[in-house]
Amino acid sequence: MSLKPFFSLLFTGLVTVATAQSIITKNTSRSKSVDSPSLAIDTMAFKIQRWNFHGQSTCIVQGDRGFPSKYSGPNSLINTGEVRETVTANLFAGAKLWQGAEAHMDFLIWQGFGLTQTFGIEAFPNGDAYKLGTTNPNFTFARLFIRQTISLGGEQELVLDGPLTLAGKQDISRLTFTIGRLSPLDICDNNTYAHDQHNQFMNWAMMGNLTWDYGQNTIGYTTGVAVELNQKKWALRYGFFQMPREKNGFTGDDQFLTWPHRGAYGPFLKSWAMMMELERRYNVNSHPVVIRFLTWLDEANFASYKIATALLLANPPNPNIGSGAGVTIPDAARAFRHKYGFGLNWEQELSKSASLFSRLGWTDGHNETWTFSDADWSVSLGLTIKGNEWYRPHDAFGFAYIVSGASNDNQQFLKAGGTDMLSGDGNLDYDPEKVMEAYYDFQIMKRFHFTLDYQFVTNPAFNRDRGPVSIFGTRLHWEF
C-alpha cells in the first residue's frame, strides 16, 4: 500500500486551508489552548464566532516482532510479526444558524489497516484502525448535525473555539438538543485525559468504555438525537442512536454520506442504542474532579452466545481457516434481543501537570457484540503528566493499564470455536486480557506533534495460549 500520493495531496490541501484561516482569523475569534479545566481564560482576547473551520491529519505506524502461540484461528492476531499504518484526515466546519443554534460538519478521509486487519486484541492498540480498513482512501461525512442550546438564565461561561464548537458565551444552566450524524462518544463518556487517539493514548479503551456496544457504523458514527441538561455542578445526558442493520456494518445514511457508497437501513424500532449519563463535578483542594455514571440499553439482531455455542458444538467450524478471516456467528442463533450495561468514568487533577483517570465497565454478556469490542467487563487506570516540570509545557507523558474479560457464556462460545467482533482463536484457555500503554508526545512545531508509543499485551483476546506481545508505535499529528 503506497501512501505517498495521499500524503502529498493531503498536505498541500491542508496547508492551503490553514494559510487561508490564518489570514481570516485576524478579524475573527482566536483559538485558545486549554491545558486543564481550571485554566483561566483571557476574556480580553475573546471574540464571538459566527463560523469557523479546523483540520487535522494523523499517521500512526504500529508493529510487533511476533510472539509465542500454541495455535491461531480466524480472528487471531498474526503471531509472526507485522507492521501496519493508518492515515486519517478531518476537515471541520461550523456555522451559527440562529439564536442558540449551530451546524457542524466533519469530512473524514481514512486509509490503511490495523494489525491483522483489526482482529485479535480487545483493547485494540490503534484508535484510528477502523474495523473496515482500506487500501485506497475512503471518504465520509462523519459528522453532520445541528445543536440547539436553550438558555435557562443565570451565570454564564465562555465556550472556546474548537472543531465542534463556536467561540461564544452560554448560560451554565442550559438545555441542549443535538440531532444528526455524530458519535455517541461526542455526548457521553468524555474524559479530559483519555478520549482522543490523535493526541493522547492510542488504545481503544482510552477512547471510551470498552464494554459499551454503542450505536455506530464500522468507523464510529451514526444518526441520532441527544438531550443534555447542564447545571453548575452536574449534568444529565440522554441519547438515542441508530444501529447498523448488519453486525459491524454501515448504516443507511452511508448510502449517501460515504464513498464508496454502502450500507442499509435496519428496522428503526428494533435496531437502536440508548444511553444515559449523570455527571458530577467538584473540586478537591482547588483541583477539578469529575465522575460520570453511564448506563445503556441496545436492541439489534443479536446472536445468543448459548444458542451459537450449541450450534458450533453440533457442527464444528473449519479449524484450518487462517488469521484475519473474520468468520461470523451462525445466523440461526440470531433474533432481536436486548443487551444492557453500566460504566463509571473518573478523572482527577492532582496538580497543574499531573492527572489521574479511570474507567470501569460491565455488560450482561449473554449476546454477541454488534459494533465495538467483545469485552464484557473492563477496568482501566491511567496517569498523564505534562512537560512543565522539564520545561516542555506542550509535551505529555501517559501511562495506562487495562484489564478486560469475557462472561461465562462468551468464554464457552469462544472455546467452541466461535468468532465475534475481534476475538476467535479457534479455542480458548481463558484468562483476562491485560494491556499496558505508555506514550510520550513531543511538540515538534506549534501545530506538529510526534509521539512514541509502546503497548504490552498479555492474553490477547482473553487467551493465555497466545502472547504476550509487544507493540511499538509512532504517531505524527498536525492540526489547525
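As shown above, the structure is provided for reference.
Residues numbered from 1 in each chain as written. Predicted model: local features only at pLDDT ≥ 70, side-chain atom pairs only at ≥ 80, totals over all residues. Heavy atoms only, no water.

Asks: So what's going on with a nonpolar patch on the surface? Residues and values would help.
Replies: Together, Trp234, Leu236, Met276, Leu278, Phe293, Leu297, Tyr340, Phe342, Leu344, Leu360, Trp362 and Val379 line one region of the surface with nonpolar side chains, adding up to about 1,000 Å² of accessible area. Among the elements that line the nonpolar patch, the one with the most residues is strand β13 (residues 337-349), at 3 residues. With respect to the element layout, Met276 can be found in strand β11 (residues 272-284). Take Met276: its relative accessible area is 38%, and that puts it in the partly exposed class. (Patch = residues over 30% accessible without salt bridge, like charges linked within 9 Å, V, L, I, M, F, W, Y side chains within 5 Å. Areas by Shrake-Rupley, 256 points an atom, 1.4 Å probe, with all protein chains shown as cover. Salt bridge = Lys/Arg side-chain N within 4 Å of Asp/Glu carboxyl O. Helix = DSSP H or I, 4+ residues; strand = E, 2+ residues; numbered from the N terminus. Buried < 20%, exposed > 50% of the residue type's maximum accessible area, 1.4 Å probe, protein only.)

Asks: Kindly report on the packing of helix α4 (residues 305-314) against helix α5 (residues 408-415), identifying the contributing residues and their values.
Replies: One can describe the packing of α4 onto α5 by two numbers: an axis separation of 9 Å at closest approach and a directional angle of 20°. As the angle between them shows, α4 and α5 are arranged roughly parallel. Where α4 crosses over α5, the two elements pack in a sense that is left-handed. Counting all contacts with α4, which are made through Tyr305, Lys306, Ala308, Thr309 and Leu312, the residues of α5 involved are Asp409, Asn410, Gln412 and Phe413. (Axes fitted to C-alpha atoms, helices over the stretch in contact; angles between N-to-C directions. Parallel < 35°, antiparallel > 145°, perpendicular 65-115°, else oblique. Left-handed = near helix turned anticlockwise from the far one by under 90°. Contact = heavy atoms within 4.5 Å.)

Asks: Residues and numbers for the nonpolar core, please.
Replies: Within soluble globular proteins, side chains that are nonpolar generally end up buried alongside one another. Core analysis: the biggest nonpolar cluster contains 54 residues, and Met206, Trp212 and Met275 have the highest contact counts within it. Elements that contribute at least two residues to this core include exactly α2 (204-207), β12 (287-300), α4, β16 (392-405), α5, β17 (433-443) and β19 (469-479). If one sorts the elements of this core by residue count, α2 sits on top with 4 residues. Apart from the residues within four sequence positions on either side, Trp212 is in contact with Pro184, Leu185, Cys188, Asp189, Met275, Leu294, Trp296 and Phe372. Formed by 6 residues, the second largest nonpolar core is a distinct cluster that contains Leu108, Tyr130, Ile219 and Tyr221. (Core = buried A, V, L, I, M, F, W, Y, C linked by side-chain atoms within 4.5 Å.)

Asks: I'd love a proper account of the side chain of Thr149, names of residues and values included.
Replies: Within the secondary structure, Thr149 is located in strand β4 (residues 134-151). In this view, Thr149 contacts Gly100, Gln170, Arg174, Leu175 and Thr176; residues no more than four positions away in its chain are not counted.

Asks: Give me the lowdown on the environment of Ser151, citing residues and values where you can.
Replies: Relative to the helices and strands, Ser151 is located in strand β4. When the C-alpha atoms of Ser151 and Thr176 are compared, they prove to be 8.7 Å apart, with 25 residues separating the residues in sequence. Non-local contacts of Ser151, meaning those with residues more than four positions away in its chain, are made with Asp171 and Ser173.

Asks: Lay out the pattern of salt bridges with the relevant residues and their values.
Replies: Across all of its chains, the model carries 25 salt bridges by this definition. Here Asp465 and Lys70 are joined by a salt bridge, their closest N and O atoms 3.6 Å apart. Placement of Asp465 in the loop between β18 (448-458) and β19 and of Lys70 in the loop between β1 (51-64) and β2 (82-96) is noted, with a sequence separation of 395 residues between them. Judged by its relative accessible area of 65%, Lys70 is exposed. Via salt bridges that share partners, Glu228, Arg237, Glu277, Glu279, Arg281, Arg292 and Glu347 belong to a single interconnected network.

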